[in-house]
Amino acid sequence: MSRVHRTGAFRRLACAVGIGAALVSSAGCGLEVGATFPGMGYDDYPPDAYIATTEPVYFEGRPAYWYGNRWYYREGGRWNHYEREPPGLYQRRMQGPPVRRTYEPSRGRSGPRPAPGHFGGRPGGRR
Amino acid sequence: MESPCPRRTPSAEQDYRPPTWHMVATDMRGARMKILGISTLSKIGMVVMALVGAVPTVGCGGGAANAPPSATPAHAADVDDVAAGLMEHHRHHHHGGVTLIIALSLDTLGVSPEQRAAVEKIRSALHARMAPALNAEQELTAVLADGVAVGKFDPARVVAAIAQVSTAAAGVHAASTEALNELHATLTPPERAALVDKVEAHWSVWQKANAEESDPANPERDRLAMLATDLGLTQEQVDRIRASLHTKLKAVPQFDPKEVDAHLRAFGDAFRGNKFDAKTLGAANSANAHLAGWGAAQLASFIEAVSPVLTPDQRTEYVQKLREHALHNSSDGENP
């Protein structure tokens, strides 16, 4: 192999390594991909009643729910969450709390309410 | 899990811009320009080092800027009022079976403004198709409320009213196929997936709400416990109701969720797909009749067990609550 060809091969290798490193780094710290969380307990995902009464936010082609200070989404029949909050979901969260539907007055305290763990939202939410 | 990335202060968040591939490429070009005087292999190595080192810094800034706020209890929603209200709703409303669950799931689907009118029209159509079943359910509740009011039930009327709920529910799916097909055509794939998630969630809540035994995790959400709070029942009254209920529920055939489970699986698998035809869901009518009929029978047994132990004031209040349930229309799009 000539010096020129060898250098070209190294360049391509370096480029591939660099892009790979960029992707891994982005996934780990900024953009975040979904991953299961081994430390999660059995109940550490949105309860059924929460899913049934709360509007999701559609992000990356799937519905996501803000619950317990995390964004959860379902994939392959199980719940995952974003380890780091994606900027797009952060921006949506800052626009206001998710809307929840109240089906029966309960103890006189009914009406739309911010999702648990929500902060920075305005009363009322989107509709 | 703690992130290795440093967190930024709230003031730094305001200046934050997410990293883009353009920024990464610019960094790459800059790194190469600074090392032009060094051998090619060294340049490559340094570029790689620069990329590996620089990109995580950019990425960490993005992640840290969106660090979650301080923790709150993860289980708060499990016992919140909205969840309790949904449980109560599922205890009293069974009329459309799975079709009712699908219609309820549309309430919080969160579709785009462009889709909203179309989805609302479909939701209204589904509730209209369920109207005969709703009327039957309202009639049953009225018959039961009459029984509570006078302290005596007419068994023939109760049985006939329960049967009518089941019969009416059996016709709901066949009447709703067009609306369901239109719904599938209207929703995007993520919205279809969200709908199926919600249908499954409602079904799970329905089963918990109508379980004979109380949920050990949430005993205060047990149907009888909630009624005790609402009506101010004494412990002795609760014990008498529970004993009577245990006997009465033996007369109600045990609910077998397999039929509904199978129908929901078939619906979910089909609805997530690109092609959907509600007419192919052959088990739907039977599942709806099973769910609605059993729910109606269980509701009747519960009310019949409660009635004999009530004081006059409690009786008056309970009758009023039942009549409110009978008039409650879940097709109302607004929060009650």
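Residues numbered from 1 in each chain as written. Chains lettered and ligands numbered in written order. Predicted model: local features only at pLDDT ≥ 70, side-chain atom pairs only at ≥ 80, totals over all residues. Heavy atoms only, no water.

Overview of the overall build of chain B
For clarity, the cut-off: Where helices and strands are cited, they refer to DSSP runs of H or I of at least four residues and of E of at least two residues respectively, numbered from the N terminus. Exposed residues in this analysis have more than 50% of their type's maximum accessible area, buried residues have under 20%, and partly exposed residues fall in between, with area computed by a 1.4 Å probe over protein chains only. The criterion used for residue contact is that any of the two residues' heavy atoms lie within 4.5 Å. Per-residue accessibility takes into account occlusion by the displayed protein chains alone, with areas from the Shrake-Rupley method and a 1.4 Å probe.
Helix and strand content of chain B: 15 helices and zero strands. Expressed as a percentage of its 336 residues, the buried residues of chain B come to 48%. Residue pairs in contact within chain B that sit at least 24 positions apart in sequence constitute 82% of those at least 6 positions apart. Of the accessible surface of chain B, which amounts to about 15,600 Å², a share of 58% is contributed by carbon and sulfur atoms.

Considering the side chain of Arg100 of chain A
All names here are of chain A. Our working definition: Within 3.5 Å is the distance limit for a polar contact, defined as a pair of N or O atoms, with the added protein rule that one can donate a hydrogen and the other accept it, and that residues adjacent in sequence qualify only through two side-chain atoms.
In this fold, Arg100 is placed in the segment after helix 3 (87-94). At a separation of 2.9 Å, a polar atom in the side chain of Arg100 contacts the side chain of Thr53. Within the local environment of Arg100, its side chain forms a polar contact with the side chain of Thr54, the two groups lying 3.1 Å apart.

Points about the side chain of His93 of chain B
Relative to the assigned elements, His93 of chain B resides in the loop between helix 4 (81-92) and helix 5 (98-105). Given a relative accessible area of 3%, His93 of chain B falls into the buried group. At a separation of 3.1 Å, a polar atom in the side chain of His93 of chain B contacts the side chain of Glu137 of chain B. Excluding anything up to four places from it in sequence, His93 of chain B contacts Glu104 of chain A together with Leu100, Glu137, Trp206, His325 and His328 of chain B.

A few points about unusual backbone geometry
Residues and elements named next belong to chain A. Look at Glu60: it is not a glycine, yet its phi comes out positive at around 55°. Mapped onto the elements of the fold, Glu60 is located in the loop between strand 2 (57-59) and strand 3 (62-67). Residue Asn69 is not a glycine yet carries a positive backbone phi of 70°. Within the secondary structure layout, Asn69 lies in the loop between strand 3 and strand 4 (70-75).

Some thoughts on the packing of aromatic side chains
In this description, a pair of aromatic rings is defined by centroid distance and the angle of the planes. All names here are of chain B. Heads up, the condition is: Pairing of aromatic side chains requires ring centres within 6.5 Å, counting the rings of Phe and Tyr and the six-membered ring of Trp. Pairs whose planes differ by under 30 degrees are stacked, by over 60 edge-to-face, and all others tilted.
All chains considered together, the criterion is met by 14 aromatic pairs over all chains. Where Trp203 meets Trp206, the ring centres are 5.5 Å apart and the plane angle is 20°; that geometry is what we call stacked. Of the two residues, Trp203 and Trp206 both sit in helix 10 (residues 189-209), three residues apart, roughly one turn of that helix. Both residues of the pair, Trp203 and Trp206, count as buried. Aromatic pair Phe267 and Phe271: ring centres 5.1 Å apart, planes at 25°, arrangement stacked. Taken together, the residues Phe267 and Phe271, both in helix 13 (residues 258-272) and four residues apart, mark about one turn of the helix.

Notes on the nonpolar core
Spelled out, the test is: We define the nonpolar core as a collection of buried residues of types Ala, Val, Leu, Ile, Met, Phe, Trp, Tyr and Cys that are connected through side-chain atoms lying within 4.5 Å of one another.
Core analysis: the largest hydrophobic core is formed by 90 residues, its most contacted members being Ile102, Leu195, Leu233 and Tyr318 of chain B. A per-element tally of this core places helix 14 (residues 284-306) of chain B first, with 13 residues. When sequence neighbours within four positions are dropped, the list of residues in contact with Ile102 of chain B reads Leu126, Leu180, Leu183, Leu195, Val199 and Phe267 of chain B. One finds Phe59, Ala64, Tyr73 and Leu89 of chain A within the second-largest nonpolar core, a separate group that totals eight residues.

Digging into the pattern of salt bridges
Residue and element names in this part refer to chain A. The line we're drawing: In what follows, salt bridge is the name for a side-chain nitrogen of Lys or Arg lying within 4 Å of a carboxyl oxygen of Asp or Glu.
Tallied over the entire structure, the rule returns 15 salt bridges over all chains. In this structure, the salt-bridge partner of Glu75 is Arg62, at a minimum N-O distance of 2.7 Å. You can see Glu75 sitting in strand 4 and its partner Arg62 sitting in strand 3, a full 13 residues away along the chain. Accessibility expressed as a relative area gives 40% for Glu75, which makes it partly exposed.

Digging into the packing of helix 12 (residues 235-251) of chain B against helix 14 of chain B
Residue and element names in this part refer to chain B. For clarity, the cut-off: Simply put, an axis is a line fit to the C-alpha atoms, just over the touching stretch for a helix, and the angle between two N-to-C directions goes from 0 to 180 degrees. Helix crossings are classified by the rotation of the near helix relative to the far one: an anticlockwise turn of less than a right angle makes the crossing left-handed, while a clockwise turn makes it right-handed. Residues are grouped as follows: nonpolar covers Ala, Val, Leu, Ile, Met, Phe, Trp, Tyr, Cys and Pro; charged covers Asp, Glu, Lys and Arg; every other residue, Gly included, is treated as polar.
Axis separation between helix 12 and helix 14 bottoms out at 8 Å; the angle between their running directions is 145°. Helix 12 and helix 14 meet at a crossing whose hand is right-handed. In this structure, helix 12 contributes Ile241, Ser244, Leu245, Lys248 and Leu249 to the contact, and helix 14 contributes Gln298, Ser301, Phe302, Glu304, Ala305 and Val306. Tallied by class, the residues present in the contact of helix 12 with helix 14 amount to six nonpolar, three polar and two charged.

Description of helix 15 (residues 312-327) of chain B
Residue and element names in this part refer to chain B. To keep it simple, the criterion reads: Expected helix span is given by 1.5 Å per residue-to-residue step, counting one fewer step than there are residues. This arc describes the spread of directions from the helix axis toward the C-beta atoms.
End to end, helix 15 covers 23 Å across 16 residues, agreeing with the expected 22 Å (1.5 Å per residue, within 8%). Buried residues of helix 15: Gln314, Arg315, Tyr318, Val319, Leu322, His325 and Ala326, and no others. Down the axis, helix 15 shows its buried residues gathered within 135° of arc, on one side only. Turned more than 90 degrees from where helix 15 packs its buried face, Asp313, Thr316 and Leu327 sit exposed. Check the buried side of helix 15 and you find it contacts helix 4, helix 7 (131-150), helix 11 (223-231), helix 12 and helix 14.

With respect to the environment of Asn181 of chain B
All names here are of chain B. Among the structural elements, Asn181 can be located in helix 9 (residues 172-186). Taking the C-alpha atoms as reference points, Asn181 and Phe276, 95 residues apart in sequence, are found 6.6 Å from one another. Contact partners of Asn181, with chain neighbours within four places excluded, come to Phe276, Asp277 and Ala278.

Focus on the packing of helix 9 of chain B against helix 14 of chain B
All names here are of chain B. For the record, the criterion: Oblique is the label for every angle not falling under 35 degrees (roughly parallel), over 145 degrees (roughly antiparallel), or within 65 to 115 degrees (roughly perpendicular).
The geometry of helix 9 relative to helix 14 is characterised by a closest axis approach of 8 Å and an angle of 125° between their N-to-C directions. Between helix 9 and helix 14, the angle is such that the two are oblique. In the packing of helix 9 onto helix 14, the handedness of the crossing is right-handed. Facing Val172, His173 and Ala174 of helix 9, the residues of helix 14 in contact are Ala284, Asn285 and Asn288. In terms of residue class, the contact of helix 9 with helix 14 is made up of three nonpolar, three polar and no charged.

What is shown is where atoms sit, not what they do.
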